[in-house]
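Spelled out, the chains give:
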Amino acid sequence: METESEPYVRLATLRQLHKVVAELTGAGSLADTLQNVADGVVSGLGYELACVNLVRSDGDLVVAAFAGSSAAEALMTGRVGPRASWERRLSMGEAWGDLRFIPHTEGWVLIEDDVPQWHTEGPEPRFDDEWHPRDRLYAPMHGSGGNRELLGVISVDRPRNGRRPGPWGQEALQMYASQAGIAISNARLRANMQRALVRLEREQQALRASEESFRQAFEYAPSGMAIAEMGGDQHGRLLRTNDALCRLLGRPASVLRRYSFADLVHPEDVGTLLRTSAEGGRAEIRLGRRDSSYVWVSLRNSVVADTADGPRFLLTHVEDIEDRKRHELALAHRASHDALTGLPNSAELRSRLSAKLCDRPQAPQGRPAGEGAYDYEYEGAYDFDYDHDADTEAIFNTEGYAFGQAGHPYDHHVHITVPEGGAEDGTKGLAVLFCDLDGFKSINDRFGHQAGDEVLIEVARRLTTGVREGDTVARLGGDEFVVLADGLGIADAEDLAVRLRNAIVLPIRAGGRAVRVGASFGIGWASCGMTVDEVLTSADERMYKEKRSRSKVHRRAG
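In this report, we go over the structure that sits alongside the text. (Residues numbered from 1 in each chain as written. Predicted model: local features only at pLDDT ≥ 70, side-chain atom pairs only at ≥ 80, totals over all residues. Heavy atoms only, no water.)

1. What to know about the pairing of strand S15 (residues 472-477)
Here is step 1 of the chain: In the sheet, S15 pairs with strand S16 (residues 480-488) via five bridges, with the strands oriented antiparallel. Paired with Gly-477 across the bridge in S16 is Glu-480.
Here is step 2 of the chain: Once S15 ends, the chain turns through two residues before running back antiparallel as S16, passing Gly-478 with a positive phi of about 60 degrees. (Pairing = 2+ DSSP bridges. Helix = DSSP H or I, 4+ residues; strand = E, 2+ residues; numbered from the N terminus.)

This is the structure we're talking about:
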């Protein structure tokens with residue numbers, strides 16, 4: 001079971017990983033890129049030592065960069081290991097996805113081989129997952145494209161926490177190695193393009209040869225390339241595209257010449273594209289494909305000229321980053337959502353609620369901000385066979401999970417206030433429904449945790465089915481859930497609590513039998529000027545007040 005702090009640790013790790021990946025793309029030369037790769041492992045991934053072994057033209061691997069120890073760097077840099085010895089290492093030990101881990105129990109045979117290595121001494125491990133001084137972990141780097149050419153290997157040592165990386169750490173290192181391979185490929189590509197551009201400028205007498213060199217670098221580049229008009233009425237119109245860009249966008253070159261990138265960009269990314277400078281500008285945007293889908297790309301601009309005094313054009317390098325974006329979104333979702341139910345977790349709930357509130361209270365007349373909480377409960381739960389799917393659909397449609405979106409920027413903040421107490425006067429507010437399941441512990445005790453998990457998953461489904469699109473259903477932990485529903489009056493919130501309670505109390509198939517749980521609801525109201533803790537505590541107290549007021553027999557389940 002995840003601890004409450006793990007989502008925050010994951011978010012912090014993800015931010016640090018994004019930072020070091022961004023630094024990879026910002027390097028200029030190949031040497032700077034290789035050193036950034038080694039430095040990023042030490043600064044962003046939690047290892048004390050990192051070594052980058054680069055494949056040479058003859059196939060052998062040379063130590064090109066080192067981070068974490070100046071003594072090791074002086075001893076290791078420039079030393080070469082045969083390709084055959086490296087292939088042996090990458091076939092030993094345990095495969096962790098694309099990573100290769102060789103425990104000390106197997107790696108002792110490599111101590112005397114001809115691959116450059118640096119050993120650190122330390123005490124023997126006390127735990128099964130503790131890092132041994134002679135453990136080895138390698139992360140191969142491959143080029144982009146279908147052939148997955150081996151570009152080099154990152155070797156790491158001495159995790160700062162003293163333990164072998166778990167699934168989260170393995171995935172982070174694997175993703176970093178993938179981005180390092182792309183950065184190295186791009187550094188080589190940029191070096192080739194820069195050499196071609198220098199030749200075009202300096203070799204006025206050999207213009208034809210220089211143009212052919214540029215053409216080949218442009219046409220056969222593994223990433224997309226485009227040349228566009230610069231200035232005038234046709235600014236940005238595509239003049240020339242290479243095969244890689246045509247394949248990426250699913251459009252022939254003749255069709256692409258009718259467009260500019262502004263015509264192809266996703267509507268939400270137009271502002272990002274317009275803010276990208278011509279010389280040295282970079283942007284991550286979505287471009288439209290022929291099948292109406294969108295692909296995430298990274299644009300990098302340069303300004304080129306036919307001759308010293310001739311017209312200038314915009315040279316754009318277009319890199320496919322769809323896989324990286326998908327990984328980022330998946331990692332972000334895992335860090336902010338409950339692994340069992342798929343609902344937003346406590347950290348994400350607090351983030352969404354905080355985005356709705358400001359520090360300036362604006363209470364309605366006659367009622368201080370923060371007051372007002374209403375509760376509902378379900379009394380009674382019994383065992384019997386029941387077709388719960390049909391009855392659940394009779395109350396709610398089953399459209400699947402519908403999570404509310406959070407974090408939208410507000411151009412003009414709308415103050416959240418508490419509806420007036422007493423009669424329904426049309427005032428709307430942000431209702432916070434705190435739900436605690438009654439009798440859930442008895443299901444865990446009688447039928448096991450697997451049955452309890454099935455109950456929680458089904459309760460989560462029923463709650464999300466019963467709210468509007470844009471509302472938030474989150475799991476705080478255990479059998480506690482919270483619903484955020486904006487734009488409700490007092491009667492609306494009361495009606496919502498009743499409908500959600502009625503959906504939850506229907507029988508649930510768990511562990512091969514029909515079981516039932518009750519539900520207690522406390523309705524609180526969020527208001528600007530309140531903290532997130534104050535809002536949640538208000539609804540929580542109302543829920544527990546109602547729960548304590550009822551006898552134990554009315555809250556059993558099974």
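Here the narrative resumes, following the displayed structure.
2. Re the pattern of salt bridges
Here is step 1 of the chain: Scanning the entire structure with this criterion turns up 26 salt bridges.
Here is step 2 of the chain: Note that Arg-240 and Glu-219 form a salt bridge whose closest N and O atoms lie 3.5 Å from each other. Of the two residues, Arg-240 is situated in strand S9 (residues 238-241) and Glu-219 in helix H7 (residues 207-219); the sequence distance between them amounts to 21 residues.
Here is step 3 of the chain: Accessibility expressed as a relative area gives 19% for Glu-219, which makes it buried.
Here is step 4 of the chain: Asp-323 is the salt-bridge partner of Arg-326, the closest N and O atoms lying 2.4 Å from each other. Pair noted here: Arg-326 and Asp-323 are both in helix H12 (residues 322-336), with a separation of three residues, about one helical turn. (Salt bridge = Lys/Arg side-chain N within 4 Å of Asp/Glu carboxyl O. Buried < 20%, exposed > 50% of the residue type's maximum accessible area, 1.4 Å probe, protein only.)

3. Observations concerning the packing of aromatic side chains
Here is step 1 of the chain: Within the structure shown, the criterion is met by three aromatic pairs.
Here is step 2 of the chain: Ring geometry for Trp-86 against Tyr-138: centres 5.4 Å apart, planes inclined by 75 degrees, an arrangement best described as edge-to-face. Of this pair, Trp-86 sits in helix H4 (residues 83-89) while Tyr-138 sits in strand S6 (residues 136-142), and the two are 52 residues apart along the sequence.
Here is step 3 of the chain: A residue is classified by how much of its surface remains accessible, and Tyr-138, at 4% relative accessible area, is buried. (Phe/Tyr/Trp six-rings, centres within 6.5 Å; stacked < 30°, edge-to-face > 60°.)

4. A short note on the side chain of Arg-286
Here is step 1 of the chain: Take Arg-286: it is sitting in strand S10 (residues 282-288).
Here is step 2 of the chain: Exposure remark for Arg-286: the relative accessible area of 17% places this residue in the buried category.
Here is step 3 of the chain: Among the polar contacts listed, one links the side chain of Arg-286 to the side chain of Glu-268, at a separation of 3.1 Å.
Here is step 4 of the chain: Other than its neighbours up to four places away in sequence, Arg-286 contacts Leu-264, Val-265, His-266, Glu-268, Asp-269, Tyr-294, Val-295 and Trp-296. (Polar contact = N/O pair within 3.5 Å; in protein donor to acceptor, adjacent residues only side chain to side chain. Contact = heavy atoms within 4.5 Å.)

5. Regarding the sheet that holds S10
Here is step 1 of the chain: Taken in spatial order, the five strands of this open sheet run S9-S8-S12-S11-S10, and their pairing is antiparallel. A strand with exactly one partner marks an edge of an open sheet, and here the two such strands are S9 and S10. For this sheet the average axis-to-axis angle between neighbouring strands, irrespective of direction, equals 35 degrees.
Here is step 2 of the chain: Looking at chain direction, strand S8 (residues 224-229) and strand S12 (residues 312-320) are connected through six bridges and run antiparallel. Paired with Ile-227 across the bridge in S12 is Leu-315.
Here is step 3 of the chain: Across the sheet, H12 lies against S10, strand S11 (294-305) and S12, angled at about 130 degrees from S11, the strand it touches most. (Axes fitted to C-alpha atoms, helices over the stretch in contact; angles between N-to-C directions.)

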